[in-house]
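Residues per chain, in single letters:
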Amino acid sequence: MTFNRKQLCVYFIAGTQDVKQGRLDDILKEALEAGITMFQFREKGASSLKGDEKKAMAIRLRDLCRQYHAPFIVNDDIDLAIEIDADGIHVGQDDAKVESFQHLLEDKIIGLSVGSFAEYDQSDLTHVDYIGVGPVYETSSKLDASKPGGIRLIRRMREYDDTIPIVAIGGITEENVAPIIKNGADGIATISSITHSKDIEKSVKRYLQYFK
C-alpha cells in the first residue's frame, strides 16, 4: 500500500487488552464506519492474545480494514505482519531496528516511535514513513510511557524535521487535539478515547473535523 501522510489523521491503535466492554472487532468496525484513517493492532500485556488466537484476531481486523480501505498496521510483530500480509509495521525504540527488517517489508508502511530528540538522532529514518511522537499528555493506556513532552515536543520536533510525517500520541482527547495539529502534527493516534467511547461515531467525527 502506498503511504500518504493524510492516512495519519485519525490513527486508531488497540488490542484486546484495551477493550473494557464489547469486542475489539466490533469497536474497529464502528470506528472504520465513522472514518478513522489508519488502524494499528497493538496486542501487548499479560492478558493479550498469543499464537494462533492472536493471528486469527489479526486476520479478522485486517479484513475489516481492507473493506474500508484503511491501512492495517501491526505493532512490533514482524513475523505476523509478513505472514498475514499487513499493510505495515510499527516499532518502538526498544523493538527490532528498522534496518534489520525493512528488506522484508519493502512495499509496506513503516512507523517508528520517537519520544525525544536523542531518540530521533539515534534512529535511521531512511526507510521510515512516519514517526509517532509522544507521549504528548499523560496516558493510562501505556504503562511504560515516558514523561509527557506536551505541545512543545510536537512543535520542536516539527521544527527539527520539517518534512517527516508526524503522528502525535499520548493522552489525546477530543478536547486537547486542536493545539497538536496547530503545532505541526499530521495526525493524532489514540487508544482509549475510542475504545472507551460511549459514542464512537461522534468521537471519531470530532477528531476528523480538525483535518478538513
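Look up: the structure comes first, before these words.
Below, the structure is looked at part by part. (Residues numbered from 1 in each chain as written. Predicted model: local features only at pLDDT ≥ 70, side-chain atom pairs only at ≥ 80, totals over all residues. Heavy atoms only, no water.)

**A closer look at the overall build of the protein**
Check the secondary structure of the protein and you find 9 helices and 8 strands. Its C-alpha radius of gyration of 16 Å places the protein within 12% of the 17 Å reference for a compact globule of 212 residues. Expressed along its principal axes, the backbone C-alpha trace of the protein runs to roughly 40 × 40 × 30 Å. For the protein, the proportion of its 212 residues judged to be buried stands at 52%. Partitioning the contacts of the protein with sequence separation of at least 6, the portion at a separation of at least 24 is 58%. Element-wise, carbon and sulfur atoms account for 47% of the exposed surface of the protein, whose accessible area totals about 10400 Å². Between the averaged position of the 27 positive side-chain charges in the protein and that of its 34 negative side-chain charges there is a distance of 6 Å. (Helix = DSSP H or I, 4+ residues; strand = E, 2+ residues; numbered from the N terminus. Rg over C-alpha atoms; globule rule 2.2 N^0.38 Å. Buried < 20%, exposed > 50% of the residue type's maximum accessible area, 1.4 Å probe, protein only. Contact = heavy atoms within 4.5 Å. Areas by Shrake-Rupley, 256 points an atom, 1.4 Å probe, with all protein chains shown as cover. Lys, Arg positive; Asp, Glu negative; His and termini not counted. Charge placed at Lys NZ, Arg CZ, Asp CG, Glu CD.)

**Some points on the packing of aromatic side chains**
Scanning all chains against the criterion turns up 6 aromatic pairs. Their ring planes at 75° and their centres at 5.8 Å tell us that Y11 and Y130 sit as a pair that is edge-to-face. Residue Y11 is found in strand β1 (residues 10-14), and its partner Y130 is found in strand β6 (residues 130-133); the two are separated by 119 residues along the sequence. Each member of the pair, Y11 as well as Y130, carries the same accessibility label: buried. Considering the side-chain rings of F117 and Y160, the 4.8 Å spacing of their centres and the 65° angle between planes classify their relative orientation as edge-to-face. A residue pair is termed long-range when its members are at least 10 positions apart, and F117 in helix α5 (residues 117-122) and Y160 in helix α6 (residues 150-160) qualify at 43 residues. (Phe/Tyr/Trp six-rings, centres within 6.5 Å; stacked < 30°, edge-to-face > 60°.)

**Considerations on α6**
Every buried residue of α6 is listed here: G150, I151, L153, I154, M157 and R158. Buried residues along α6 sit in contact with β5 (109-114), α5, β6, β7 (166-169) and α7 (178-182).

**Description of the sheet that holds β6**
Pairing in this closed barrel of 8 strands is parallel, and the strands run β1-β2-β3-β4-β5-β6-β7-β8 around the ring. Direction aside, neighbouring strands of the sheet carry axes that sit 25° apart on average. Note that strand β4 (residues 88-91) and β5 share 4 bridges and pair parallel. Opposite G88, over in β5, you have I109 as the bridge partner. Along the sheet, helix α1 (residues 24-34) makes contact with β1 and β2 (38-41), crossing β1 at roughly 175°. (Pairing = 2+ DSSP bridges. Axes fitted to C-alpha atoms, helices over the stretch in contact; angles between N-to-C directions.)

**As for helix α9 (residues 200-208)**
Within α9 the residues assigned to the buried category are I200, S203, V204 and Y207. For α9, the angular spread of buried residues about the axis comes to 95°, placing them on one side. (Arc of directions from axis to C-beta.)

**Things to note about the packing of α1 against α9**
It is the contact of α1 with α9, at a shortest axis distance of 8 Å, that shows an interaxial angle of 40°. By the criterion of interaxial angle, the relationship of α1 to α9 is oblique. Crossing angle aside, the handedness with which α1 passes α9 is right-handed. Here I27, E30, A31, E33 and A34 of α1 lie close against α9, whose contacting residues are I200, E201, V204, K205 and L208. Among the residues making up the contact of α1 with α9, the classes are represented as 6 nonpolar, no polar and 4 charged. (Parallel < 35°, antiparallel > 145°, perpendicular 65-115°, else oblique. Left-handed = near helix turned anticlockwise from the far one by under 90°. Nonpolar A, V, L, I, M, F, W, Y, C, P; charged D, E, K, R; others polar.)

**Points about the pairing of strand β8 (residues 187-190)**
Neither face of β8 is exposed, since G187 and A189 on one face and I188 and T190 on the opposite face are all buried. Where β1 lies against β8, 3 bridges are found, and the strand directions are parallel. Among the inter-strand pairings, V10 is bridged to a residue of β8, identified as I188. As paired strands, β7 and β8 are joined by 3 bridges and run parallel to one another. Among the inter-strand pairings, I169 is bridged to a residue of β8, identified as A189.

**A few points about the environment of I89**
In this structure, I89 sits in strand β4. Each C-alpha atom of the pair I89 and I200 lies 25 Å from the other, and the pair is 111 residues apart in sequence. Once residues lying within four places of it in the same chain are set aside, the contact partners of I89 are I73, V74, D76, D77, I78, A81, F101, L105, I109, I110 and G111.

As far as function goes, none of this settles anything; it's purely spatial.
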